[in-house]
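Descriptive structure summary
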Amino acid sequence: MIADSSPAPIPARLAAAPEQGPTVSFELFPPRSAAGEASLWAAIARLAEAAPDFISVTYGASGSSRDTSRAVVRHVLEHTQVRPVAHLTCIASERSELRTIAEGFLADGVRDVLALRGDPPAGAEPWVPPVDGLSRASELVAFLREIDPAVAIGVAATPSCLPAVPEPDAPLCGDLLALRAKQDAGAQYAITQVFFEADSYRRYVAAARAAGVDLPIIPGIVPLEDPARLRRLQEISGVPVPGALLDRLDSETDEQRRRAAGLELGAELVSEVLEAGAPGLHLYTFNQSRASIALLDRLGLRSGAA
Ligand code: FAD
């Protein structure tokens, strides 16, 4: 269970970011093999040494991945002083099942949930929500609030919903309507999907504020060292990686030099979003610690640094 000496609740810490500096957090996913599990436990130990404000753990709707998500969250609770945030999706569960899963997390000592809709399984289009299920993340936020009014709830935000070229009179994109609905249902902060240009974040936050969203919006950042990973991410997320970024990384054939170039580019991106007022930094770690820790060190943001 989280003791009284545990780190500050995330909404309070985000509110204090202007005085205390940006929050730092890491995202992990449930390992798919015994080797992946062993390497994840080692990565968690190294990431925890950086004293992040929280570590979040993604959630897959299938039964096995669901159990592994819970095991990773429990590992963070039992082996570190870091606050875990359990992701939860509603896409494939009836309410009774969601209640059981949420109550399981709470019984383990979890006090923070990232409430998501999730993506329909491949081939399940057009998707229909389960009978007696929830169809939107905003409904999951309200559902969780009913189960435990004290749970801190974060949600997803999607900067790529904005058109590449600003259109002054365009109607609000579905994601911004969704974000406002999540705020109205009781969400306390949002974390963005990946983006590669500070302007995507700046434009999205401005559009969210104009749409009546005043939630803290934490930028989700992927370390920029590995062009093959960035290309895979582009395929999965549909968020285009700028050609100039890939060209710069591809131009370095020596791995150390490529890492150094990626580190500089990543540090530049983070500095720009912090300059734009971002209250924190959420790093997509891909279950590895080195690149994320290097980025924090480069930016002077590692609290645990000697
Ligand atoms: P919602 O907020 O329900 O929005 C989904 C879409 O529904 C919107 O874009 C919009 O088109 C429509 N919509 C919803 N409400 C309204 C409204 N009021 N008016 C009009 N249109 C509306 N997926 C996983 O499966 N597991 C994870 O652990 C996971 N973690 C994630 C973590 C982060 C930080 C992010 C950014 C994403 C994560 N995802 C995860 C992916 C996420 O589940 C998908 O992006 C999914 O497609 C949308 O989820 P959502 O919570 O934003 O859904």
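A short tour of the structure in this document, coming up.

Analysis parameters
- Residues numbered from 1 in each chain as written.
- Predicted model: local features only at pLDDT ≥ 70, side-chain atom pairs only at ≥ 80, totals over all residues.
- Heavy atoms only, no water.
- Core = buried A, V, L, I, M, F, W, Y, C linked by side-chain atoms within 4.5 Å.
- Buried < 20%, exposed > 50% of the residue type's maximum accessible area, 1.4 Å probe, protein only.
- Contact = heavy atoms within 4.5 Å.
- Axes fitted to C-alpha atoms, helices over the stretch in contact; angles between N-to-C directions.
- Helix = DSSP H or I, 4+ residues; strand = E, 2+ residues; numbered from the N terminus.
- Parallel < 35°, antiparallel > 145°, perpendicular 65-115°, else oblique.
- Nonpolar A, V, L, I, M, F, W, Y, C, P; charged D, E, K, R; others polar.
- Pairing = 2+ DSSP bridges.

Points about the nonpolar core
If you look at the biggest cluster of nonpolar residues, it comprises 85 residues, and the most contacted ones within it are Phe26, Leu88, Leu140, Leu179, Phe196 and Leu230. Not counting chain neighbours up to four residues away, the residues in contact with Phe26 comprise Leu47, Ala50, Pro52, Phe54, Ile55, Ser56, His282, Leu283, Thr285, Ser292, Ile293 and Leu296.

Looking at the packing of helix 6 (residues 137–147) against helix 7 (residues 174–185)
Packing of helix 6 against helix 7 leaves a shortest axis separation of 8 Å and a crossing angle of 10 degrees. On the basis of their axis angle, the class for helix 6 and helix 7 is roughly parallel. Between helix 6, through Ala137, Ser138, Val141, Ala142 and Arg145, and helix 7, the contact on the second element is made entirely by Ala181, Lys182 and Ala185. Here the residues of the contact of helix 6 with helix 7 sort into five nonpolar, one polar and two charged.

Looking at helix 6
For helix 6, the tally of buried residues reaches eight of 11 residues, placing the bulk of the element in the interior. Among the residues making up helix 6, those that are buried are Ala137, Ser138, Leu140, Val141, Phe143, Leu144, Arg145 and Ile147. Buried residues along helix 6 sit against strand 3 (84–89), helix 5 (95–108), strand 4 (112–116), strand 5 (152–157) and helix 7.

Considerations on unusual backbone geometry
A negative phi holds for most residues other than glycine; trans holds for most peptide bonds. One non-glycine residue, Ala51, adopts positive backbone phi at about 50 degrees. Note that Ala51 resides in the loop between helix 3 (34–49) and strand 2 (54–57). The backbone of Asp132 sits at a positive phi, close to 55 degrees, despite the residue not being glycine.

A word on the environment of Ser64
For Ser64, the position within the fold is in helix 4 (residues 63–79). Assessed through its relative accessible area of 56%, Ser64 is described here as exposed. Sequence-wise, Ser64 and Pro30 are 34 residues apart; in three dimensions their C-alpha atoms are separated by 9.7 Å.

Some details on the sheet that holds strand 4
Strand pairing within a sheet occurs via backbone hydrogen bonds; the two strands may be parallel or antiparallel. The eight strands are arranged 1-2-3-4-5-6-7-8 in a closed barrel whose pairing can be described as parallel. Each strand of the sheet is rotated relative to its neighbour by a mean of 30 degrees, with strand direction disregarded. Note that strand 1 (residues 23–28) and strand 8 (residues 280–284) share five bridges and pair parallel. From the neighbouring strand, Phe26 faces strand 8, where its bridge partner is Leu283. Sitting on the sheet, helix 12 (residues 290–299) is in contact with strand 1 and strand 8, with an inclination near 155 degrees to strand 8.

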